[in-house]
Amino acid sequence: MSSSVNVANENGVAVVMIDNPPVNALSFHVREPLYEALAALRDDATAKAIVIACAGRTFVAGADITEFGKPVQQPELRAIVALLETIAKPTVAAIHGTALGGGLELALGCHFRVADQGAKLGLPEVKLGLLPGGGGTVRLPRLVGATKALGMIVSGTPISASEAKTAGLVDAVFDGDLLAEGIRFAREMAAAGGPFTPVRERNGRLAETEPAAFDRQAAELAKKARGLEAPLACIEAVRNAITLPFDEALAAERQLFLKLVSGDQSRAQRHLFFAEREAAKVPGKDPQRRKIARVGIIGAGTMGGGIAMAFANGGFPVILLETSEEALQRGLSMIEKNYAVSVSRGSLSEEARQQRLGLFKGSTDYADLADCDLVIEAVFEDMAVKKQVFGKLDAVARPGAILATNTSYLDVNEIAASTARPQDVLGMHFFSPANVMKLLEIVRAEQTAPDALATVAELARRIGKVAVVVGVCHGFVGNRMLSARGAENEFLLLEGATPSQVDKAFTDFGWPMGPFQMGDLAGLDIGWRNRKARGLTAVVADTLCEQGRFGQKTGSGWYRYESGSREPAADSDVEELIRAKAAALGIARREIAADEIIERTLYPLVNEGARILEEGVAARASDIDVVWVNGYGFPIGKGGPMFWAGLEGGARIVERLEHWHERTGRPIFEPASLLRRFAETGSWEGVDC
Ligand code: 3HC
Ligand code: NAI
């Protein structure tokens, strides 16, 4: 008996209770006593049945992810499951909370699974760049059929207890005292008598597999893998479950798991798992949280509407404030339209739509914001307007309310200074569309109070956002690095690349799209207006805009778009324009290789990240990775720019930056001193890549 695993005999039913907070991961100190307990109970005549259950908030949430990449300590989960399958008396997993990964695999080793009605069950290993390595790919298809299992394993998305019951994954769903129900269920099974068939021997559902349908589904899923190895390995393993004898399929799963767990992609995805959880933690003493029940949003435009929806989706009553009744109605009807689209697509029920719309209230009067606990400003990006808004807000908001700005670039210290309560002011930089995009940069101004910051970081999780605390600078972490990434774009074109070549280098790297496609999607006029306001120019992009080529919305930009299509087609007029501009500037054009495109765009991205770390604008390198993966589509299999720098090699990045710095003299290529240090140590200030 250990403190992590306790066994009790409840009138002939042995209850094996796992207790390893916070999520009952199957760490070595759980596996060892669990194996011993089960081995002893197998031969214990006083136990007529066995129930495996968990203390705390959840059933086993999986293997202990911190153990991956370290030497394996026996017994492994596979050995525990194999032992379970040698037990003749009924074994029952009683599942509450989440049975994930190795947790579900443990349950699959039992004869029966019973679940609390709020439980969720799934195999999310793919999200860590892995496949289920404890027999999940061979046992799950035997219970739910190959196609259902394939969908669950490749998506990694858990299913509800009731869906699991329908699918055949659980035998009973209970509402109430799950442990008591589990014991009763086990006793009934023991009384009914065996033999009890282990999952490994249940082949009926597998035999029903329709090979052509399976192949079609597998091909569809493989298409979406976008360079990630794990989804493909998951497909292979489930196919093995159909085509190979059980033990051979199990051995093949093991081999695939070992390959993935030691690979860079899984290392990158595990890094991101912990990075996301770390990013929301505010350094220093854990302060009290402020109460947030009502939220106000000023400005019902693109961002204000999306932010309001994000809060309503999280169950918060929202008051939207605009300058005129007309602007307010425009904003509210856009919100209504968005929800109607969700209903028509089947992603939202009619009942949920009505319930969410009921949370909105509109106003044109600042006095209506008086009882809000948090007010977020999303008005025009203009310092004078923002200051005026914060001045009015200061006059009406209740003491202790948190006042936030969604500014993309402006100085949050200056905005805070326009109030008499700078300690309550911070930035909440959402990304567009704000009800969909997961990233939230929380901007800590000089005087922001720690409890305001901690409150917003916690709140972000409640509305499904991944929060990263950042400091004040132009563009914060994300947009500032984006400028560095894009600084060479036009030079690459003038020197010989085409927009499609640059974009292809990006998509081959794993980005969902390249910078020129992205520009066309967002609208080239936005950057043009910004440049004009700041007295800047871009030789090619400015001319495109002067020609009315704003991107997808005008049917042409860097590319051409057939009417109604979003498919970019290379445009010879653009290539001609680039050649003419290059000639006028006396730039000789040459072939530009994909490697060069990556060096001149992504190495400056890493370099700017290093500067941001140096300046303390980000607290950890892993925070920068979280920003880039969740806000800008950096490929998850590469772990974010700062993790990728480790894969690429710091020394190489410095050497190439120096090369380009010497050739062009441009400051973005001048290696930051922290990057030089990284090249020597392989670590960003304690964050080991
Ligand atoms: N191993 C180690 N630590 C884990 C862990 C795991 N499997 N799951 C969660 N943790 C840690 C988190 O890092 C966090 O630590 P912190 O407090 O120090 O930051 C703490 O537990 C709490 O986690 P969350 O903040 O995520 O808690 P939530 O309540 O929001 O979510 C959860 C709970 C849904 C279980 C979520 O933690 C989760 O999704 N965990 C991962 C599940 C998973 O991927 N399982 C598969 C693992 S791989 C596997 O099983 C391989 C097998 O096939 C061989
Ligand atoms: P928008 O132009 O779509 O909406 C601004 C809204 O604010 C308009 O409806 C306008 O009527 C209203 N407004 C203006 N002055 C006001 C005032 N004094 N009081 C109340 N309402 C007022 O602009 P958008 O794109 O929503 O941007 C808003 C803010 O969000 C800006 O600071 C922008 O930099 C930032 N942002 C924008 C992103 C984007 O992708 N559009 C992404 C992240 C941040």
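Just so it is clear, the model here is predicted, and its values are computed rather than measured.

1. As for the sheet that holds strand β7 (residues 120-122)
At step 1: With mixed pairing, the 3 strands of this open sheet are ordered in space as β5-β7-β8. Edge strands, defined here as strands with exactly one partner in the open sheet, are β5 (98-100) and β8 (159-160).
At step 2: Summarising the sheet, β5 and β7 pair through 3 bridges and their orientation is parallel. Its bridge partner being in β7, Thr-98 is matched across the sheet by Lys-120.

2. Section: the packing of helix α5 (residues 146-155) against helix α9 (residues 211-223)
The description of two packed helices rests on the angle between their axes and on the distance between the axes.
At step 1: Close contact between α5 and α9 brings their axes to 10 Å; oriented N to C, the two are set at 10 degrees. By the angle between their axes, α5 is roughly parallel relative to α9. Between α5 and α9, the contacting residues are Ala-146, Thr-147, Leu-150, Gly-151 and Val-154 on the first element and Phe-214, Gln-217, Ala-218 and Leu-221 on the second.
At step 2: Residue composition of the contact of α5 with α9, grouped by class: 6 nonpolar, 3 polar and no charged.

3. What to know about helix α7 (residues 178-192)
At step 1: Taking 1.5 Å of rise per residue, the 15 residues of α7 would be expected to cover 21 Å, and the 21 Å separating its terminal C-alpha atoms lies within 8% of that figure.
At step 2: Here the buried face of α7 lies against β1 (5-10), β2 (13-18), β3 (49-54), β4 (91-95), β6 (112-116) and β9 (172-174).
At step 3: N-cap assignment for α7: the residue whose side-chain oxygen lies 3.3 Å from the backbone N of Leu-179 is Asp-177.
At step 4: Looking one or two residues past α7, Gly-193 carries a phi angle of roughly 85 degrees, positive in sign.

4. Digging into the sheet that holds β2
At step 1: Taken together, the 6 strands give an open sheet; going across it, the order is β1-β2-β3-β4-β6-β9, and neighbouring strands pair in mixed fashion. The open sheet terminates on both sides in strands that have one partner only, identified here as β1 and β9. Neighbour to neighbour, the strand axes of the sheet diverge by 20 degrees on average, direction disregarded.
At step 2: Sheet topology places β6 next to β9; 3 bridges connect them, and they run parallel. If you follow Val-114 over to β9, its bridge partner there is Ala-172.

5. As for the site of ligand 2
At step 1: Close contacts around ligand 2 come from 21 residues, with Met-303, Glu-322, Glu-381, Lys-386 and Ser-408 the closest.
At step 2: Within the contact set of ligand 2, an oxygen atom lies 2.5 Å away from a side-chain nitrogen or oxygen of Glu-381.
At step 3: Contact with the protein chains removes 78% of the 830 Å² of surface that ligand 2 exposes when unbound.
At step 4: Here the shell around ligand 2 is composed, by residue class, of 9 nonpolar, 9 polar and 3 charged.

6. A few points about the side chain of Arg-270
At step 1: Considering the arrangement of structural elements, one finds Arg-270 in helix α12 (residues 264-279).
At step 2: Buried charge Arg-270 goes without a salt bridge, the closest partner of opposite sign being Asp-264 at 9.1 Å.
At step 3: A polar contact of 3.0 Å, which involves the side chain of Arg-270, links it to the backbone oxygen of Val-261.
At step 4: Ignoring any residue separated from it by four or fewer positions in sequence, one finds Arg-270 in contact with Ile-65, Phe-68, Gly-69, Leu-128 and Val-261.

7. Considerations on the site of ligand 1
At step 1: Around ligand 1 lies a shell of 25 residues, among which Arg-57, Gly-102, Glu-105, Glu-125 and Arg-277 are the nearest.
At step 2: In the model, an oxygen atom of ligand 1 is placed 2.8 Å from a nitrogen or oxygen of the Gly-102 main chain.
At step 3: Here an oxygen atom of ligand 1 sits 3.0 Å away from a polar atom, N or O, in the main chain of Gly-133.
At step 4: Isolated, ligand 1 exposes 990 Å² of accessible area, and the fraction of that covered by the protein chains is 75%.
At step 5: Going through the elements one at a time, β5, α3 (102-108) and α12 are the ones with two or more residues in the shell around ligand 1.
At step 6: When residues of the shell around ligand 1 are assigned to their parent elements, the largest contribution, 3 residues, is made by α12.

8. Some thoughts on the packing of aromatic side chains
At step 1: Applying the stated rule across the entire model yields 20 aromatic pairs.
At step 2: Relative to Phe-316, the ring of Phe-311 lies with its centre 5.8 Å away and its plane at 80 degrees, an arrangement referred to as edge-to-face. Considered together, Phe-311 and Phe-316 belong to a single accessibility category, that of buried residues.
At step 3: Between Trp-528 and Phe-550, the aromatic rings sit 6.1 Å apart at their centres with planes inclined by 45 degrees, giving tilted as the arrangement. Taken together, the residues span a long stretch of sequence, with Trp-528 in helix α23 (residues 524-533) and Phe-550 in the loop between α24 (539-546) and α25 (572-584) at a distance of 22 residues.
At step 4: By relative accessible area, Phe-550 is classed as partly exposed at 21%.
At step 5: Taken together through their ring pairs, the aromatic side chains of Phe-431, Phe-506, Phe-509, Trp-511, Tyr-603, Trp-628, Tyr-632, Phe-634 and Trp-644 make up a single cluster.
At step 6: Here the guanidinium or amino end of Arg-600 rests over the ring plane of Trp-660, the centre of that ring lying 4.8 Å away.

Parameters and conventions
Residues numbered from 1 in each chain as written. Chains lettered and ligands numbered in written order. Predicted model: local features only at pLDDT ≥ 70, side-chain atom pairs only at ≥ 80, totals over all residues. Heavy atoms only, no water. Pairing = 2+ DSSP bridges. Helix = DSSP H or I, 4+ residues; strand = E, 2+ residues; numbered from the N terminus. Axes fitted to C-alpha atoms, helices over the stretch in contact; angles between N-to-C directions. Parallel < 35°, antiparallel > 145°, perpendicular 65-115°, else oblique. Contact = heavy atoms within 4.5 Å. Nonpolar A, V, L, I, M, F, W, Y, C, P; charged D, E, K, R; others polar. Expected span 1.5 Å × (residues − 1). Polar contact = N/O pair within 3.5 Å; in protein donor to acceptor, adjacent residues only side chain to side chain. Near = heavy atom within 4 Å. Areas by Shrake-Rupley, 256 points an atom, 1.4 Å probe, with all protein chains shown as cover. Buried < 20%, exposed > 50% of the residue type's maximum accessible area, 1.4 Å probe, protein only. Lys, Arg positive; Asp, Glu negative; His and termini not counted. Salt bridge = Lys/Arg side-chain N within 4 Å of Asp/Glu carboxyl O. Phe/Tyr/Trp six-rings, centres within 6.5 Å; stacked < 30°, edge-to-face > 60°. Lys NZ or Arg CZ within 6 Å of the ring centre and 35° of its normal.

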